[in-house]
Amino acid sequence: MDAVYPPLCGVCGNFFAVPEENPGNPTFAGLMAKHVCPECAAAFTPVSGPMCTACGIMFKSRNTHDHLCGECRRVPKFFRSARAAGVYETSLMTALQQLKYRGRTELAQPLGGLLWSSFHRWHAPEAVDMIMPVPLHARKQRQRGFNQAWLLIRNGRGEAADGHTLRPLKKAAKNLLVRTRMTRSQTKLSRRERLDNVRGAFALKDKAAVNGRSVLLVDDVFTTGATVNECARVLTAAGATRVDVLTVARVR
């Protein structure tokens, strides 16, 4: 099959040889071995400290320790922490854009695996009561055909360093949090415009379902955090004891 349909790298577009066996390596290169050539996979940048203990932004100075960034000190967030697997650039950015805008849903499994491997890095599974995707508006989901955040939860399987496999679907709540109105794309909006755009855009179908529970919000990319912070506000107002955010990528 490779001779008739030789694999093309989803990032650079060049032909490449897919490894015969994938040893289950939960790194970007291991998970994306069938979709991205080794050279492009090497461009992946994992998120690492020192970083903000709230929003998770990596500090430009590497000679410091984890602490609250200036923005989070000025404007406290409704979520406790936001963490991501990698920086939204190069190969990871291209893979997520292909999933989201070009309908390459086969990428949801390896990217979901990256997400859940990151989950084990930042969280204790037993400390999370409920996992839910950031929702799309019903009209937007009909246009796209899927919610990429839900695909990452549904198809991803993470593996911890001790070999334990996480099955997050058991805790997943797909349609509990809903987007009640169509919002503009956040891509070209300023920080203030993003906040105004999503204010009041989310609601819970059943507030009692989150009362007294810790919630993990999942999305593909963390940019300014306006969307997930508004979701967290709705959840904490309904009685959630804690809200954390996990994304595949985050902007520097």
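In short, a report on the structure. The written sequence of each chain sets the order in which its residues are numbered from 1. Two thresholds apply to this predicted model, a pLDDT of at least 70 for residue-level local features and 80 or more for giving and counting side-chain atom pairs, whereas whole-chain, interface and lining totals are computed over all residues. Only hydrogens and water are set aside when side-chain values are computed; all heavy atoms of the structure are taken into account.

1. Brief notes about the overall build of the protein
Secondary structure is summarised from DSSP: a helix means a run of H or I of at least four residues, a strand means a run of E of at least two, and numbering begins at the N terminus for each. Counting secondary structure elements, the protein contains nine helices and eight strands. Put simply, the radius of gyration uses C-alpha atoms, and a globule should come to 2.2 Å times the residue count raised to 0.38. At 18 Å, the protein has a C-alpha radius of gyration in line with the 18 Å of a compact globule built from 252 residues. Taken across its 252 residues, the protein has 48% of its residues classed as buried. Contacts in the protein between residues far apart in sequence, at least 24 positions, make up 71% of those at least 6 positions apart. For the accessible areas, the method is Shrake-Rupley and the probe is 1.4 Å, while residue cover comes only from the protein chains on display. Of the roughly 12700 Å² of accessible surface on the protein, 51% is carried by carbon and sulfur atoms. Remark: exposure states derive from per-residue accessible area (1.4 Å probe, protein chains only) relative to the maximum for the residue type, with buried under 20%, exposed over 50%, and partly exposed in between. Residue contacts are counted whenever heavy atoms from the two residues lie within 4.5 Å of one another.

2. Regarding the environment of F79
For F79, the location among the structural elements is in the loop between α3 (70-74) and β1 (81-87). Measuring from C-alpha to C-alpha, the distance between F79 and A54 comes to 7.7 Å, with 25 residues separating the pair along the chain. In this view, F79 contacts A54, C55, F222, G225, V228, N229, A232, V243 and V245; residues no more than four positions away in its chain are not counted.

3. A few points about the pairing of strand β7 (residues 214-222)
Most of β7 is tucked away, with nine of its nine residues classed as buried. For strand β2 (residues 130-133) and β7, the ladder comprises four bridges, and the chain directions are parallel. Within β7, the position partnered with M130 by the bridge is V215. In short, DSSP must find at least two bridges between two strands for them to pair. Pairing of β7 with strand β8 (residues 242-250) involves eight bridges; the strand directions are parallel. Across the sheet, the residue bridging to V221 is A249, located in β8. Here the term right-handed applies to a crossover when the path leading from its first strand over the helix to its second strand runs clockwise, the strands being oriented away from the viewer. Crossover handedness for the path β7 to helix α9 (residues 226-237) to β8: right-handed.

4. Re a nonpolar patch on the surface
Judged by side-chain polarity, M1, V4 and Y5 come together as a nonpolar surface patch covering roughly 420 Å² of accessible area. Tracing the backbone through its elements, the reader meets M1 in the segment before α1 (28-31). Patch criteria: residues need more than 30% relative accessible area and no salt bridge. Like-charged residues are merged within 9 Å; nonpolar side chains of Val, Leu, Ile, Met, Phe, Trp and Tyr are merged within 5 Å. Any carboxyl oxygen of Asp or Glu within 4 Å of a side-chain nitrogen of Lys or Arg constitutes a salt bridge here.

5. Considerations on the environment of Q97
Looking at the element boundaries, Q97 is found in helix α4 (residues 90-101). For Q97, a relative accessible area of 30% gives the class partly exposed. As a C-alpha pair, Q97 and V228 span 131 residues in sequence and 19 Å in three-dimensional space. Those residues in contact with Q97 that lie beyond four places of it in its chain are Y88 and R102.

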